Amino acid sequence: MEPDVESLPRGGFRCRLCHVTAANKPSLQDHLQGKKHQRLESLRAKRQDQELRSVFVSGFHKGTSAPELSEYFQAFGGVASVVMDKDKGVYAIVELQDQEVMGKVLAQPEHCLGGAAAAGEAPGEEGIQVHASQEVDAQMSQLVQLFELSESERRLRHLLVTLFQEVFSEFFPGCAILPFGSSVNGFDIHGCDLDLFLDLEKTKTFQASAKGPPGAQVRMDVLGTKCTPLQAEEGAGPDSDSEDSILSDIDLTTATVPEVLELVAAVLRKCVPGVHSVQAVHSARRPVVKFCHKDSGLLGDISINNRLALCNTRFLQLCTEADERVRPLVYTLRYWAKQQALAGNPFGGGPLLNNYALTLLVLFFLQTRSPPALPTLAQLRELTGDGNQAIVDGWDCSFSQDTSRLVPSANTESLCSLLAEFFRVFGDHDFAGCVISLQEGRALPLPSFLLSEVGAKLKLGPFNVQDPFELSHNVAANVNEKIALRFQHCCQDGAKYCRSLQYQRKSSKGKAWGLVRLFQPGVLEAGELGLDGLLITIPFTLMVCAAITFVLKDVLKCSCTGPAGEPTEQGGGEQPIVGSKHPRSDEGGSLSVSPAKKRPRPEGPAPEEEESVSWSCAVWHRVWMGRRRVRRQLRHLGSPQPDAEQEAGSLEVEEKVSEAIIQQEGDSMGSEPLLRFTACARVGGGQEDTRTLLCFTPTPQQGLLFQDFYHFLQGFLPRMVERYVGRAAWGGQ
């Protein structure tokens with residue numbers, strides 16, 4: 001089978017390259033031999049070939065031109081192109097004629113621009129650094145693989161959509177359940193919600209054509225035999241609602257949105273197995289019915305008046321199919337924004353950018369490259385036929401959805417170059433003074449935009465990104481001035497870092513480089529990040545070492561050893577870390593967990609060098625991923641607890657969550673752990689400092705996986721330490 005093809009669980013095939021499904025092998029062969037697949041396959045091969053022939057060049061004199069660099073590298077062989085850093089002019093990507101020429105370039109240990117004197121005696125000569133440029137691109141592609149839905153997650157969502165379609169078709173003849181949003185738009189991540197649109201247009205037609213006078217209502221029985229098994233399970237029987245149908249005597253054409261949503265909620269509650277926590281939310285901008293799938297913990301919602309979302313989803317899909325660089329760039333910038341507390345809500349509070357707004361910003365950036373990497377919506381609209389106009393909720397949503405009709409982009413920038421350029425462009429962008437338009441592929445000046453028909457309707461703010469179809473909607477209207485300004489500052493910092501050697505050059509000492517260094521959270525105070533480690537601060541208590549040990553070893557199931565290699569053990573007295581003036585009393589030692597033994601404090605004056613307690617740890621399972629989903633599963637499988645008891649037992653609950661994740665992974669440990677790291681705890685430097693500083697240092701080559709684990713620990717570890725200490729006090733210790 002083709003490497004780009006995967007078999008679907010219920011029959012059929014899926015092309016990973018084109019994001020296209022085929023019902024059978026003949027249809028699959030037609031697709032593989034079609035223009036779209038052949039074009040994308042050719043484009044991918046072209047980009048991979050360019051990547052293998054490109055080198056990253058830095059260290060030359062500012063003001064050096066592309067022709068000068070081209071002339072220099074032509075001494076080794078042919079040069080296909082030179083892409084310069086347009087901001088500061090301090091780096092360039094040089095595409096060579098073939099890999100043989102690239103080998104000659106990399107084989108020379110030193111490069112010197114300006115003459116034959118390689119030793120650099122001639123005045124004005126500049127030593128330059130040259131190395132292969134594909135490594136950051138590979139990190140960006142790896143990020144997609146790390147965060148995208150697994151095949152089992154895709155299969156579950158497909159099965160749920162099929163189940164919903166079967167059930168709802170019984171009560172809404174001709175209806176269609178259509179997924180949209182992150183599950184299907186090409187930017188899926190683990191645990192993302194399942195967004196569904198219930199299309200009732202054909203159902204309304206069915207009602208209108210039913211027997212009886214025009215506008216007659218149709219009776220569709222929900223409490224019939226098809227729901228009898230579920231009624232028995234839920235404790236409901238035929239007598240609970242007699243013979244009345246929840247869809248009796250309703251005209252879908254004249255019914256209000258809240259009325260129809262209540263009917264949808266009733267179908268979910270009574271007739272869809274495995275669904276619970278059903279709630280109709282009428283106050284949202286787009287009213288929905290929320291639900292949760294019991295077995296998987298998957299959250300979802302169903303809407304009935306959000307057809308525009310289908311257009312947005314298809315547009316995003318088209319962009320991912322048009323250029324394979326779109327997904328890695330979007331995933332990278334989403335994670336960067338999350339780490340910098342610019343998007344999502346990782347550190348709590350603040351009107352942050354949503355992922356949809358950030359994704360549109362990336363697509364707009366690609367539309368405005370020179371040459372453009374993506375077409376504008378206006379250009380896509382020109383490719384549609386006269387009879388293919390689509391008007392949705394009064395907005396023109398016409399655009400060509402056939403990527404084979406697109407003119408291949410002449411843009412050949414590498415991913416690492418595009419990322420650097422994104423930061424450069426938006427580091428100085430006037431978000432408040434214009435409106436970003438993906439329709440036109442340009443920033444619309446605010447004075448002229450306000451004179452347009454939609455200008456008076458769009459809610460303006462410090463960050464203005466126009467929805468590509470609903471032109472009166474600013475998808476970033478919630479962002480305040482503080483976040484908008486910080487976004488620019490973070491972009492400026494990102495642009496500065498991308499001009500450094502640490503962005504492109506892999507550290508020979510195993511230190512963070514490339515994306516790993518870029519993703520380090522920017523919310524830590526200056527000076528609180530170690531040279532080689534990542535810092536978490538925890539309020540100081542006498543039991544902090546026992547608490548840290550318990551969370552790492554018992555809750556997260558890490559293998560922990562002390563500095564001498566001895567494993568940590570339950571029981572024994574707690575060793576207070578440096579800064580503790582009073583040793584812990586030996587009361588109730590059953591809750592104490594001994595960390596790595598520290599050296600005894602010597603007699604006489606305290607040494608100037610701070611002592612600390614260290615742990616060497618190994619992580620064998622991805623216990624930090626999917627915890628919320630597993631926690632829901634455990635909660636619904638067991639009996640509810642009183643609030644106080646549940647709070648006191650939260651550590652035990654988290655232990656069970658880790659055990660469940662390990663069991664789901666197969667409870668099998670490989671020969672090597674997923675992660676290795678050292679954790680070092682010490683009290684803050686000042687005498688009045690009441691914090692415990694916990695520094696995490698990963699072993700080399702841990703990369704993005706450790707960064708994800710560390711980000712999880714930032715919120716989880718302090719909370720669990722607090723609960724450990726609270727439980728000790730609650731137990732009378």
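Values in this document were obtained by computation on a predicted structure and should not be read as measured data.

Asker: Explain the pattern of salt bridges to me, and be specific about the residues and the numbers.
Answerer: Taken as a whole, this structure holds 22 salt bridges when the rule is applied. Between Glu95 and Arg53 there is a salt bridge; the shortest N-O distance is 3.0 Å. Taken together, the positions of Glu95 in strand β6 (residues 91-96) and Arg53 in the loop between α2 (35-52) and β4 (54-58) put the pair 42 residues apart, joining distant regions of the chain. One exposure class covers both Glu95 and Arg53, and it is buried.

Asker: So what about the sheet that holds strand β12 (residues 288-293)? Which residues, and what values?
Answerer: If you walk across this open sheet you meet the 5 strands as β9-β10-β13-β12-β11, and the pairing is mixed. At either end of the open sheet lies a strand with only one pairing partner, and these are β9 (176-180) and β11 (275-281). Each adjacent strand pair in this sheet contributes to an overall mean axis angle of 25 degrees, direction not counted. Relative to strand β13 (residues 299-303), β12 runs antiparallel, the two sharing 4 bridges. Of the residues in β13, the one forming a bridge with Phe291 is Gly300.

Asker: How would you summarise the sheet that holds strand β1 (residues 5-7) if you had to cite specific residues and measurements?
Answerer: The 3 strands are arranged β1-β2-β3 in an open sheet whose pairing can be described as antiparallel. Edge positions in the open sheet fall to β1 and β3 (20-22), since each of these has one partner strand only. Pairwise comparison of adjacent strand axes, ignoring direction, gives a mean angle of 25 degrees for this sheet. Pairing analysis gives 3 bridges linking strand β2 (residues 13-15) to β3, with the strands arranged antiparallel. Paired with Phe13 across the bridge in β3 is Ala22.

Asker: So what about the packing of helix α12 (residues 355-367) against helix α14 (residues 415-427)? Which residues, and what values?
Answerer: Look at α12 against α14: their axes get within 11 Å of each other, and the N-to-C directions meet at 100 degrees. Regarding the angle of α12 to α14, the classification is roughly perpendicular. The segment α12 lies against α14, with Leu361, Val362, Phe364, Phe365 and Leu366 engaging Leu418, Glu421, Phe422, Val425 and Phe426. Residues of the contact of α12 with α14, tallied by class, amount to 9 nonpolar, no polar and 1 charged.

Asker: Pulling in residues and values, what's your account of the nonpolar core?
Answerer: Of all hydrophobic cores here, the largest spans 125 residues; its most connected members are Trp336 and Phe487. Ranked by the residues each element gives to this core, the list is headed by helix α23 (residues 703-730), at 11 residues. The contact partners of Trp336, leaving out residues within four places of it in the chain, are Leu342, Phe423, Phe487, Cys490, Cys491, Leu518 and Phe519. Among the nonpolar cores identified, the runner-up in size contains 33 residues, and Ile177, Ile250, Val267 and Leu268 belong to it.

Asker: Now, about the pairing of strand β16 (residues 434-437): what can you tell me, with residues and values included?
Answerer: Here β16 shows no split at all, with Cys434 and Ile436 on one side and Val435 and Ser437 on the other all buried. Where β16 meets strand β17 (residues 442-445), 4 bridges bridge the pair, whose relative direction is antiparallel. Each residue of the ladder has a partner; that of Ser437, found in β17, is Arg442. A loop of 4 residues connects β16 with β17, the two strands running antiparallel in sequence, and Gly441 in this loop sits at a positive phi of about 70 degrees.

Asker: So what's going on with the packing of aromatic side chains? Which residues, and what values?
Answerer: Under the counting rule described, the total for this entry stands at 29 aromatic pairs. Here Phe365 and Phe422 contribute two aromatic rings whose centre-to-centre distance is 5.5 Å and whose plane-to-plane angle is 80 degrees, an arrangement assigned as edge-to-face. Pair noted here: Phe365 is in helix α12 and Phe422 is in helix α14, with a separation of 57 residues, a long-range link. Assessed through its relative accessible area of 0%, Phe422 is described here as buried. With 4.7 Å between their ring centres and 25 degrees between their planes, Phe712 and Phe716 make a pair best called stacked.

Asker: Can you explain unusual backbone geometry? Please cite residues and give values.
Answerer: Cis rather than trans, the peptide bond between Ser370 and Pro371 has omega equal to 0 degrees. The phi angle at Ser277 is positive, at roughly 50 degrees, despite the residue not being glycine. Of note, the phi angle at Lys557 is positive, near 60 degrees, even though the residue is not glycine. Within the secondary structure, Lys557 is located in the loop between α19 (544-555) and β19 (559-561). On the accessibility criterion, Lys557 (26% relative accessible area) is partly exposed.

Asker: Report on the environment of Val278, specifying residues and quantitative values.
Answerer: Examined against the element boundaries, Val278 turns out to sit in strand β11. Separated by 12 residues in sequence, Val278 and Ala266 place their C-alpha atoms 8.6 Å apart.

Rules behind the numbers
Residues numbered from 1 in each chain as written. Predicted model: local features only at pLDDT ≥ 70, side-chain atom pairs only at ≥ 80, totals over all residues. Heavy atoms only, no water. Salt bridge = Lys/Arg side-chain N within 4 Å of Asp/Glu carboxyl O. Helix = DSSP H or I, 4+ residues; strand = E, 2+ residues; numbered from the N terminus. Buried < 20%, exposed > 50% of the residue type's maximum accessible area, 1.4 Å probe, protein only. Pairing = 2+ DSSP bridges. Axes fitted to C-alpha atoms, helices over the stretch in contact; angles between N-to-C directions. Parallel < 35°, antiparallel > 145°, perpendicular 65-115°, else oblique. Contact = heavy atoms within 4.5 Å. Nonpolar A, V, L, I, M, F, W, Y, C, P; charged D, E, K, R; others polar. Core = buried A, V, L, I, M, F, W, Y, C linked by side-chain atoms within 4.5 Å. Phe/Tyr/Trp six-rings, centres within 6.5 Å; stacked < 30°, edge-to-face > 60°.

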